[in-house]
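Residue-level structure breakdown
Read off the chains here:
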Amino acid sequence: MATQTRPAFAPEHVPPELIWDHSLSEFNSELDDPFMAASRLLDGPPLIYARDGAQGRPGWVIARHALLKEAFIDWEHFSSEGGMDLTQMLGVDWNLNPVNIDPPMHTIYRKVLTPFFTPKAVGHMEEGVRETCDELISKFEEKGGCDFVKDFAIPFPSMIFLRLMGMPEDMLNQFFEWEQKLLRGTSIEERVQTGRDILDYLIFHLEQQKQKPATPLMENILNARIADGRPLTDGEILGMFYTFYVGGLDTVYATISWSMRHIATHPEYQQFLRDNPDKMDKAVMEMLRMFSVVSSQRRVTKDFVWHGVQMKENDLVIMPIFIACRDPEAYPKPNEMDLNRSEQPLAFASGPHLCLGMHLARREIKIAIQTFLEKFDNIHIPEGAHYEYHAGPTFNVDSLPIAWTKKG
Ligand code: HEM
């Protein structure tokens, strides 16, 4: 781990033995399984300083479950504000809302949104989620196979997002294209342009909602009065719209895809789930742990010593949840699917920014997996076919060919 001469990316306060002259995304892509690749960092120090922790930027990487959980809660030392690059890239003066805003303002914004994401509220969405799932599957169910990612995992949460936002469903293909370019655009210019195209559409949508809100969520946001009795500004609302876009699509599609890959390559587990539908909720939580796809970021707010390591104001901190979720100190035999675990997965973070959409996400994943298992037998990856993935800030599957036998 130690390097002889201090590389330029490592500031003076970083001890030499914690300097890690690597890129996290390349390191995570070294094996056929990025979760196993990333979990190799659990063998080293709990905190390392990486040359490239996120999108080319150097920073601290937290490589233990206990520390990560602590950092998520400690917003006074680890701020969600000012360290992220999306709004800088868009050239706007507002933040992603509420995800990149610290308490106390965070609490005020979150109160506006919470009623729409409680288990009860999500229960009301269930029928729509099922309809969306069935509608998508009906397009390929007679074919005996599909590319699970392209044909199902990407459009599924996108359609739910469009319905939640009151956007027309014929925007689906456009959103799909934007998502591909924003996440995997070949140049930074292409990504920036795509980010702005999305923003232009969100601005257009906001203007329409001001005339006539299309859903209860939109109505609540437009009519909200926050602490000082004023309505939300356009920037505060656009920050919310953008957060739903970046937070609720990629994460769901990635988790469903990794889960389906596991199911398609583990026939006994697949059959177990068919035979034990009452275990589905537990299975979803365990898949969320095994295939935790997110890496968050924070900015250090002031100089302080954390677990024996000097942190300086404005240091970037990378929080790869996929490493924490494979930590044997938190989850014994972390690479095994164990439906009897009691420790909750950290997949949705913890502390003030605990994922607002977690009940919806769990419902979406459950319905998707359950429907495939009910409709199809012997789900597998056809011989000679391969899956593809990328390991950026989110671990994501790019392509997953599957085939099945249709139930009689
Ligand atoms: C498997 C799916 C999902 C995963 C793994 C996930 C994960 C996360 C994580 C780790 C955070 C905390 C980020 C941070 O503190 O830096 C977060 C926040 C958030 N998520 Fe999710 N998410 C998922 C699905 C969704 C969905 C479906 C929605 C809504 C439609 C959503 C909306 C949000 C929002 C609004 C926040 C910000 C909460 C706050 O700042 O108070 N997420 N999510």
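Summarised in this report is the structure supplied together with it.

**A look at the site of the ligand**
Around the ligand sit 25 residues, and of these His 106, Arg 110, Arg 298, His 353 and Cys 355 come closest. Arg 110 has a polar side-chain atom sitting 2.6 Å from an oxygen atom of the ligand. Those elements giving two or more residues to the shell around the ligand turn out to be helix H5 (105–113), helix H12 (234–248), helix H13 (250–265), strand S6 (295–300) and helix H17 (358–375). When the residues that make up the shell around the ligand are grouped by side-chain class, the tally is 14 nonpolar, nine polar and two charged.

**Some remarks on the nonpolar core**
For soluble globular proteins, the rule of thumb is that nonpolar side chains tend to be buried together. Of all hydrophobic cores here, the largest spans 116 residues; its most connected members are Phe 152, Ile 221, Tyr 242, Trp 258, Phe 372 and Ile 402. Element by element, the count of residues in this core is highest for H17, at nine residues. Residues in contact with Ile 402, not counting those within four places in the same chain, are Gly 145, Cys 146, Phe 148, Met 260, Ala 264, Phe 372, Ile 379, His 380 and Pro 382. Grouped together as the second largest cluster of nonpolar side chains are 28 residues, Ala 10, Trp 60, Trp 306 and Ala 324 included.

**Let's talk about the coordination of the iron atom of the ligand**
What the protein offers the iron atom of the ligand as a donor is a single atom, Cys 355 (SG), at 2.3 Å. Looking at the secondary structure, you find Cys 355 in the loop between helix H16 (321–324) and H17.

**As for the pairing of strand S13 (residues 401–406)**
Taken residue by residue, a regular strand's side chains alternate between the two faces of the sheet. Sheet analysis places strand S5 (residues 145–147) next to S13, joined by three bridges and oriented antiparallel. From the neighbouring strand, Cys 146 faces S13, where its bridge partner is Ile 402. In the sheet, strand S10 (residues 376–380) pairs with S13 via three bridges, with the strands oriented antiparallel. Residue pairing across strands places Asp 377 opposite Thr 405, the latter belonging to S13.

**Quick notes on the environment of Ala 214**
Structurally, Ala 214 can be placed in the loop between helix H10 (188–211) and helix H11 (216–223). We classify Ala 214 as partly exposed; its relative accessible area is 48%. Taking the C-alpha atoms as reference points, Ala 214 and Leu 164, separated by 50 residues in sequence, lie 9.1 Å from one another. Discounting residues that sit within four places of it in the chain, Ala 214 has contacts with Gly 166 and Gln 209.

**A word on the layout of surface pockets**
In this structure, the second largest pocket spans a volume of roughly 270 Å³. The set of elements that each furnish at least two residues to the lining of the second largest pocket consists of helix H6 (119–138), helix H8 (155–165) and H11. With six residues, H6 is the single largest residue contributor to the lining of the second largest pocket. Of the residues belonging to the lining of the second largest pocket, the class tally is eight nonpolar, four polar and one charged.

**What to know about the sheet that holds S13**
Each strand in a sheet pairs with its neighbour through backbone hydrogen bonds, running either in the same direction (parallel) or in the opposite one (antiparallel). Across the sheet, three strands lie side by side as S5-S13-S10; this open sheet has antiparallel pairing. Whereas interior strands pair on both sides, the edge strands pair on one side only; in this sheet they are S5 and S10. Averaged over all adjacent pairs, the angle separating strand axes in this sheet is 25°, with direction ignored. Sitting on the sheet, H17 is in contact with S10 and S13, with an inclination near 110° to S10.

**Some thoughts on H10**
Its 24 residues place the ends of H10 35 Å apart at the C-alpha level, agreeing with the 34 Å of an ideal helix rising 1.5 Å per residue. When H10 is considered as a whole, its buried residues turn out to be Val 192, Thr 194, Gly 195, Ile 198, Leu 199, Tyr 201, Leu 202, His 205, Leu 206 and Gln 209. On its buried side, H10 packs onto helix H4 (86–90), H8, helix H9 (172–184), H11 and H12.

**What to know about the side chain of Ser 292**
Turning to its location among the elements, Ser 292 is positioned in the loop between helix H15 (280–290) and S6. Within the local environment of Ser 292, its side chain forms a polar contact with the backbone oxygen of Leu 288, the two atoms lying 2.8 Å apart. Once residues lying within four places of it in the same chain are set aside, the contact partners of Ser 292 are Phe 35, Ile 321, Phe 322, Cys 325 and Ala 347.

**Comments concerning the packing of aromatic side chains**
In total, this model carries 30 aromatic pairs according to the counting rule given. Consider the rings of Phe 175 and Trp 178, whose centres lie 5.3 Å apart with planes at 85°: the pair is edge-to-face. In this pair, Phe 175 and Trp 178 both sit in helix H9, three residues apart, roughly one turn of the helix. By relative accessible area, Phe 175 is classed as buried at 1%. Residue Trp 178 is classed as buried on the basis of its relative accessible area of 9%. The interplanar angle of 50° and the centroid separation of 5.5 Å between the aromatic rings of Phe 175 and Tyr 245 together place this pair among those described as tilted.

**Re the sheet that holds S6**
Taking strand neighbours across the sheet as the criterion, the six strands line up as S1-S2-S3-S9-S6-S4 in an open arrangement whose pairing is mixed. What marks the edges here is a single partner per strand, and that holds for strand S1 (19–23) and strand S4 (78–79). Judged from the five bridges that link them, S6 and strand S9 (residues 316–320) form a sheet pairing that is antiparallel. Bridged to Gln 297 within S9 is Ile 318. Those strands touched by helix H3 (residues 65–73) are strand S2 (47–54), strand S3 (57–62), S4, S6 and S9, and its axis lies near 120° from that of S9.

The rules we used
- Residues numbered from 1 in each chain as written.
- Predicted model: local features only at pLDDT ≥ 70, side-chain atom pairs only at ≥ 80, totals over all residues.
- Heavy atoms only, no water.
- Near = heavy atom within 4 Å.
- Polar contact = N/O pair within 3.5 Å; in protein donor to acceptor, adjacent residues only side chain to side chain.
- Helix = DSSP H or I, 4+ residues; strand = E, 2+ residues; numbered from the N terminus.
- Nonpolar A, V, L, I, M, F, W, Y, C, P; charged D, E, K, R; others polar.
- Core = buried A, V, L, I, M, F, W, Y, C linked by side-chain atoms within 4.5 Å.
- Buried < 20%, exposed > 50% of the residue type's maximum accessible area, 1.4 Å probe, protein only.
- Contact = heavy atoms within 4.5 Å.
- Donors = N, O, S within 2.8 Å, 3.2 Å for Na, K, Ca; no water.
- Pairing = 2+ DSSP bridges.
- 1 Å grid on protein atoms, 1.4 Å probe; cavity = no way out; pocket = protein on both sides within 12 Å on 5 of 7 lines; lining within 4 Å.
- Points joined across faces, edges and corners; volume = space filled by probe spheres on them.
- Axes fitted to C-alpha atoms, helices over the stretch in contact; angles between N-to-C directions.
- Expected span 1.5 Å × (residues − 1).
- Phe/Tyr/Trp six-rings, centres within 6.5 Å; stacked < 30°, edge-to-face > 60°.

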